[in-house]
Amino acid sequence: DVKVTQSSRYLVKRTGEKVFLECVQDMDHENMFWYRQDPGLGLRLIYFSYDVKMKEKGDIPEGYSVSREKKERFSLILESASTNQTSMYLCASTPPEGRRNQPQHFGDGTRLSIL
Amino acid sequence: AQSVTQLGSHVSVSEGALVLLRCNYSSSVPPYLFWYVQYPNQGLQLLLKYTSAATLVKGINGFEAEFKKSETSFHLTKPSAHMSDAAEYFCAVRTPASGSARQLTFGSGTQLTVLP
């Protein structure tokens, strides 16, 4: 069974801090994704990565960056945290692009509060 | 571009009643469609998926959904609601288009409440 693990379930940080959210998957998936989830807005894609050191912007990349140094790990970075980045962050992964009907597997989420 | 509309951000049903959660999509090509469920303080779990095989798709926990191309819909149903079905449900679409091929587009979600 696919396991997507996010390093923290709850995180509290201060405005201006640099924040790292970590995600690890154990199924050798090529594609990994970071979403934020806000009430009434559903899930919005921040960044995704389809290979090591490769990344593409999603719908709302402003204020975020990502890092994929190893296939199993995809990190989301808030360069200078702001209160409007308080949200639930979800990581997901999928197998190679040739299997496009494969669903995304999600972690349990990190609830981030910026004070 | 693809998009998903979930009608009704909140739906309440009585235990034992029919569950119907609505999803309409827009896509210029035949899409792949998914329903996910999210229980409190958890990530998303796949309920079922449509991938151009049978139009009636059966998923986990007694849920099913029917793909209707003429209506561009993929509504989720369950004949008899159970208290444990209370959760938030997301419809998602993915089209085999270049550039966005790896992306899912999610609806805004429907919170299902089951009344005793």
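The structure presented is a predicted model; accordingly, all values stated were derived computationally and were not measured.

J.: Go over the overall build of chain A, please, and point to the residues and values.
T.: Along chain A, the regular secondary structure elements total 0 helices and 11 strands. Ordering the α and β elements of chain A from the N terminus gives β-β-β-β-β-β-β-β-β-β-β. Against the globule reference of 13 Å for 115 residues, chain A gives a C-alpha radius of gyration of 13 Å, in line with a compact fold. Scored against the burial criterion, the 115 residues of chain A give a buried share of 49%. Considering only residue pairs separated by 6 or more positions, chain A has 55% of its internal contacts joining residues 24 or more positions apart. Accessible surface computed for chain A: about 5,500 Å², of which carbon and sulfur atoms make up 48%.

J.: Any details on the state of the cysteines? Residues and values, ideally.
T.: Applying the stated rule across the entire model yields 2 disulfides over all chains. A disulfide bridge connects C23 of chain A with C91 of chain A, and the sulfur atoms are separated by 1.9 Å. Between C23 of chain A and C91 of chain A the sulfur-sulfur dihedral comes to about -75°; the bridge is accordingly left-handed. On the criterion of sequence distance, the pair formed by C23 of chain A in strand β3 (residues 19–25) and C91 of chain A in strand β9 (residues 87–94) is long-range, its members being 68 residues apart. Note on cysteine connectivity: C23 of chain B is disulfide-linked to C91 of chain B, with sulfurs 2.0 Å apart. Judged by the sign of its S-S torsion, about -65°, the bond between C23 of chain B and C91 of chain B is left-handed.

Cut-off values and rules
Residues numbered from 1 in each chain as written. Chains lettered and ligands numbered in written order. Predicted model: local features only at pLDDT ≥ 70, side-chain atom pairs only at ≥ 80, totals over all residues. Heavy atoms only, no water. Helix = DSSP H or I, 4+ residues; strand = E, 2+ residues; numbered from the N terminus. Rg over C-alpha atoms; globule rule 2.2 N^0.38 Å. Buried < 20%, exposed > 50% of the residue type's maximum accessible area, 1.4 Å probe, protein only. Contact = heavy atoms within 4.5 Å. Areas by Shrake-Rupley, 256 points an atom, 1.4 Å probe, with all protein chains shown as cover. Disulfide = S-S within 2.5 Å.

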